[in-house]
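Fold and geometry: a report
Here is what each chain is made of, one letter per residue.
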Amino acid sequence: MLKALAVAVALAATTTVAGAQGTSTYKSTAKPTTQATTAKRHKKVKKEESQEMLQKEAKISEATARATALKEVPNGTVKSSELEREHGKLIYSYDITVPGKTGIDEVNVNAIDGTVVAKQHETPKSEKAEAAKEAKEKKAAKK
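Quantities reported herein were computed from a predicted structural model and do not represent experimental measurements. Residue positions are given per chain, counted from 1 along the sequence in the order it is written. Given that the model is predicted, a residue must reach a pLDDT of at least 70 before its local features are reported, and side-chain atom pairs must reach 80 or more before they are shown or counted; all residues, however, enter totals for whole chains, interfaces and linings. Each side-chain value is derived from all of the structure's non-hydrogen atoms; neither hydrogens nor water enter the calculation.

1. Focus on the nonpolar core
The tendency in soluble globular proteins is for nonpolar side chains to be buried side by side. For the purposes of this section, nonpolar cores are sets of buried Ala, Val, Leu, Ile, Met, Phe, Trp, Tyr and Cys residues that join through side-chain atoms within 4.5 Å. Only protein chains enter the accessibility calculation, which uses a 1.4 Å probe; a residue whose area is less than 20% of its type maximum is buried, one above 50% is exposed, and one in between is partly exposed. In this structure, Tyr-92, Tyr-94, Ile-96 and Val-109 are the most contacted members of the largest nonpolar core, which totals 16 residues. Helical segments are the DSSP runs of H or I of at least four residues, strand segments are the runs of E of at least two, and each set is numbered from the N terminus. Taken together, the elements giving at least two residues each to this core come down to helix H4 (62-72), strand S1 (77-86), strand S2 (89-97) and strand S3 (104-110). With four residues, S2 is the largest single contributor of residues to this core. Two residues form a contact once any of their heavy atoms are found within 4.5 Å. Excluding its chain neighbours within four sequence positions, the residues that come into contact with Val-109 are Ile-60, Ala-65, Thr-68, Ala-69, Leu-90, Ile-91, Tyr-92, Tyr-94, Gly-114, Thr-115, Val-116 and Val-117.

Below, the structure is given as structure tokens:
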């Protein structure tokens, strides 16, 4: 009988402790995050890649990429070039002019494997629109 009583007391004590734990409350001392603080945090994390960082990542040289781009546009002359990350890919981007042809041919060469990723002709009007869009993006990125 004593054993039964001891078991009953032990069960009662366990139930009381479990019940007490189940009713305890937890109050967080963390500050609630707002959309503004989240945006600030993401701005700090997102850093602009420098040309030096991009060049270290590139597997092919600029000269090799330039030669590849010029093969795509016979009689062309490179007007401007840049190493950039576009849609997650590291590319050399070349604006190439051709005598007797308006606008430019833009040729993108993969900086990792040297393949031509894209080639398109831009009219003077579309070239101007693209320049305005890039300027707006740069201005927004600085804020």
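That shown, we press on.
2. Focus: the environment of Asp-105
Structurally, the position occupied by Asp-105 is in strand S3. In the structure, Asp-105 is positioned 29 residues away from Gly-76 in sequence and 8.7 Å away in space, judged by C-alpha atoms. When sequence neighbours within four positions are dropped, the list of residues in contact with Asp-105 reads Val-73, Tyr-94, Asp-95, Ile-96, Val-98, Gln-120 and His-121.

3. Description of the pattern of salt bridges
Salt bridges are identified by distance alone: a Lys or Arg side-chain nitrogen within 4 Å of an Asp or Glu carboxyl oxygen. For the structure shown, the criterion picks out four salt bridges. A salt bridge links Glu-57 to Arg-85, with the shortest nitrogen-to-oxygen separation between them at 2.7 Å. Note that Glu-57 is positioned in helix H3 (residues 51-57) and Arg-85 in strand S1, a separation of 28 residues in sequence. Residue Arg-66 is joined to Glu-62 by a salt bridge in which the shortest nitrogen-to-oxygen separation is 3.2 Å. Residue Arg-66 and its partner Glu-62 are located together in helix H4, separated by four residues, close to a single helical turn. Classification of Glu-62 as partly exposed rests on a relative accessible area of 30%.

4. A look at H4
Within the sequence span of H4, burial applies to Ala-65, Thr-68 and Ala-69. Relative to the axis of H4, the buried residues are bounded by an arc of 95 degrees and lie together on one face. With respect to the buried face of H4, the exposed residues turned more than 90 degrees away are Ala-63 and Lys-71. Residues of H4 that are buried in the fold lie against S2, S3 and strand S4 (116-122). Directions pointing from the helix axis toward each C-beta atom define the arc.

This is a description of form; function is not addressed.
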